[in-house]
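What follows is the residue order along each chain.
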Amino acid sequence: MSAPASLSAARSGVFTLGTLLIAILGGVSAELIGFPAGWLMGSAISVSIAAILKFPVTVPDWLRDLIFVFIGVSMGASVAPNSLELLGQWPVSLAALALELIIIVLVTGWLLTKLFKLDAGTAYLSSFPGHLSFVLGIAATGIGNARQIVIIQVMRVLFLTIAVPIGAMFLPVQAPDLPAAGDPLSIAQILLLALCCALVGLVFVKLKIPAGMVLGAMAAATIAKLGGAYSQPLPDQLVVTIFILTGALIGSRFIGITWLEFKAAALGGVIATAVMLVIVTAMAYGVAQLVDIPMAQIWLALSPGALEGVGALAIAMGYDTAFIAAHHVIRLLLLSFAIPTVALFIRRLEAKEKGH
């Protein structure tokens, strides 16, 4: 390795350590004051603030992929043993999810065009609840303002990450009682499980499945648990570490956003998030009247947050991750079809307007 390359690698390592230290301090602080899901919330907020203040926060690709693997592992390891018994009830909530996505995109897109005078491309691509990389890929073709879209979308992820656990505290259903946990998995078992999950994750990525690394790892861990390969929980220290790393990853998405850009798009992001939460709450309440599943769990399943963030929240709050992850998988798959469809419609609409 040449001297400049070595220096660059060392600098990147220092910045990564600095980012993780900020995440740890934020998590500790939030946990001490009793903030909901404190390890996750505190790390996400602290790293986000650091990024906005132009501290060189960074989460290298290798660490991001490792985080994705262990998020999947933790989601699979915390699957409720009776989750398969609920499959007969899931079609109701999945139908509600599809209807919810349509309402969110239409209402949020309309508000952003009318209240904030955004063009249709920017407004509707900003309204999609997820698949940020896909949305930006569409924006790169010339539909909408990519910079505004990413700010509004990142604001959505951050505010939902904060709002979901706070909101869940006030829902009229408490988290279900969990059985007493036995001895946790050993280090050797964790490493073997993580390796298998990583391999399946790589396969999912090769198959171009949305959020492939997370979903592949989660699928492998879940199948292994339901198949009886293991039954023990993950050690508490590892779960806390996963929360801190997930928060750092979420916060690092604010890299490169200036205060001016932040303030210009923040209000739009807040309003878009508020609209989404109102729609989610109404949908969750309606579904809870039809199925025997806690409303708070349905709310998390229908909430339009990032899969890794919501998955971590589900574990922290003691809900069935299989139910929640299934809905987020379907959400991503639905968006894979919806985003290009809406983009094509917008492009045709713009061409029609130019023709006039």
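What you are looking at is a predicted structure, and each value in this text was computed from that prediction instead of being measured. All residue numbers refer to position in the chain's written sequence, counted from 1. In keeping with the model being predicted, local features are shown solely for residues with a pLDDT of at least 70 and side-chain atom pairs are shown and tallied solely at 80 or more, while totals for entire chains, interfaces and linings include all residues. To get the side-chain values, all heavy atoms of the structure are used, and hydrogens and water are removed first.

Asks: I'd like to hear about the overall build of the protein, residue by residue, with values.
Replies: Summing up its helical and strand segments, the protein has 14 helices and zero strands in all. Summing over all exposed atoms, the protein offers an accessible surface of approximately 16500 Å²; the carbon and sulfur share of this is 71%. Labels follow the DSSP assignment, with helices taken as runs of H or I lasting at least four residues and strands as runs of E lasting at least two, numbered in each case from the N terminus. To be clear on the numbers: accessible area is Shrake-Rupley with a 1.4 Å probe, and residue cover counts the displayed protein chains and nothing else.

Asks: Any details on the packing of helix α2 (residues 38–52) against helix α10 (residues 236–251)? Residues and values, ideally.
Replies: Only the stretch in contact is used when a helix axis is fitted, and all axes are lines through C-alpha atoms; the angle between N-to-C directions ranges over 0 to 180 degrees. At a closest axis distance of 7 Å, the pairing of α2 and α10 adopts a crossing angle of 30°. Considered as vectors, α2 and α10 are oriented roughly parallel to each other. Crossing angle aside, the handedness with which α2 passes α10 is right-handed. For the pair α2 and α10, contact is made by Trp39, Leu40, Ser43, Ala44, Val47, Ser48 and Ala51 and by Val240, Phe243, Ile244, Thr246, Gly247, Ala248, Ile250 and Gly251, respectively. In the contact of α2 with α10, the residues fall into ten nonpolar, five polar and no charged. For this classification, under 35 degrees means roughly parallel, over 145 means roughly antiparallel, 65 to 115 means roughly perpendicular, and everything else is oblique. Helix crossings fall into two classes, left-handed where the near helix is turned counterclockwise from the far one by less than a right angle and right-handed where it is turned clockwise. Contacts: residue pairs with any heavy atoms within 4.5 Å of one another. Each residue is assigned to one class: nonpolar for Ala, Val, Leu, Ile, Met, Phe, Trp, Tyr, Cys and Pro, charged for Asp, Glu, Lys and Arg, and polar for all the others, Gly among them.

Asks: So what's going on with the packing of helix α4 (residues 90–115) against helix α5 (residues 120–127)? Which residues, and what values?
Replies: In contact at an axis separation of 8 Å, α4 and α5 are set at 140° when each is read in the N-to-C sense. In terms of axis orientation, α4 runs oblique to α5. Between α4 and α5 lies a crossing of right-handed hand. Every residue of α5 that contacts α4 at Ile104, Val105, Leu106, Thr108, Gly109, Trp110, Leu112 and Thr113 is listed here: Ala120, Ala123, Tyr124, Ser126 and Ser127. For the contact of α4 with α5, the residue count by class is eight nonpolar, five polar and no charged.

Asks: Can you break down the environment of glutamine 232 residue by residue, with the values?
Replies: For glutamine 232, the position within the fold is in the loop between α9 (212–226) and α10. For glutamine 232, a relative accessible area of 23% corresponds to the partly exposed category. Separated by 48 residues in the primary sequence, glutamine 232 and proline 184 have C-alpha atoms spaced 5.2 Å apart. Apart from the residues within four sequence positions on either side, glutamine 232 is in contact with Asp183, Pro184, Leu185 and Gln189. Each residue's exposure class comes from its accessible area (1.4 Å probe, protein chains only) as a fraction of the maximum for that residue type: buried when under 20%, exposed when over 50%, partly exposed otherwise.

Asks: Break down the pattern of salt bridges for me, citing the residues and quoting the values.
Replies: Put simply, a salt bridge is a Lys or Arg side-chain nitrogen that is within 4 Å of an Asp or Glu carboxyl oxygen. Summed over all chains, the structure comprises two salt bridges. The closest approach of N and O atoms between arginine 64 and aspartate 61, which form a salt bridge, is 3.5 Å. Of this pair, arginine 64 and aspartate 61 both sit in helix α3 (residues 61–77), separated by three residues, roughly a single helical turn. Look at arginine 64 and you get partly exposed, because its relative accessible area is 29%. With its nearest N and O atoms 3.2 Å apart, the salt bridge here joins arginine 64 to aspartate 65. On the accessibility criterion, aspartate 65 (29% relative accessible area) is partly exposed. Several salt bridges share partner residues, and in doing so they unite Asp61, Arg64 and Asp65 into one network.

Asks: If you had to explain the nonpolar core to someone new, which residues and values would you point to?
Replies: In this structure, Ile67, Ile71, Met75, Leu193, Cys197, Tyr230 and Leu234 are the most contacted members of the largest nonpolar core, which totals 34 residues. Secondary structure elements with two or more residues in this core: α2, α3, α8 (187–206), α9 and α10. A total of nine residues in this core trace back to one element, the largest contributor, which is α3. Residues belong to a common nonpolar core when they are buried Ala, Val, Leu, Ile, Met, Phe, Trp, Tyr or Cys residues joined through side-chain atoms within 4.5 Å.

Asks: Quick one: what's the story with the side chain of threonine 19, residue by residue and with numbers?
Replies: Examined against the element boundaries, threonine 19 turns out to sit in helix α1 (residues 3–32). Here a polar contact is taken to be a pair of N or O atoms separated by no more than 3.5 Å, where protein atoms must pair a possible hydrogen donor with a possible acceptor and residues adjacent in sequence count only if both atoms sit in side chains. Polar contacts involving the side chain of threonine 19 include one to the main-chain amide nitrogen of threonine 58, which spans 2.9 Å. With near-sequence residues (within four places) excluded, threonine 19 lies in contact with Val47, Phe55, Pro56, Val57, Thr58 and Ala248.

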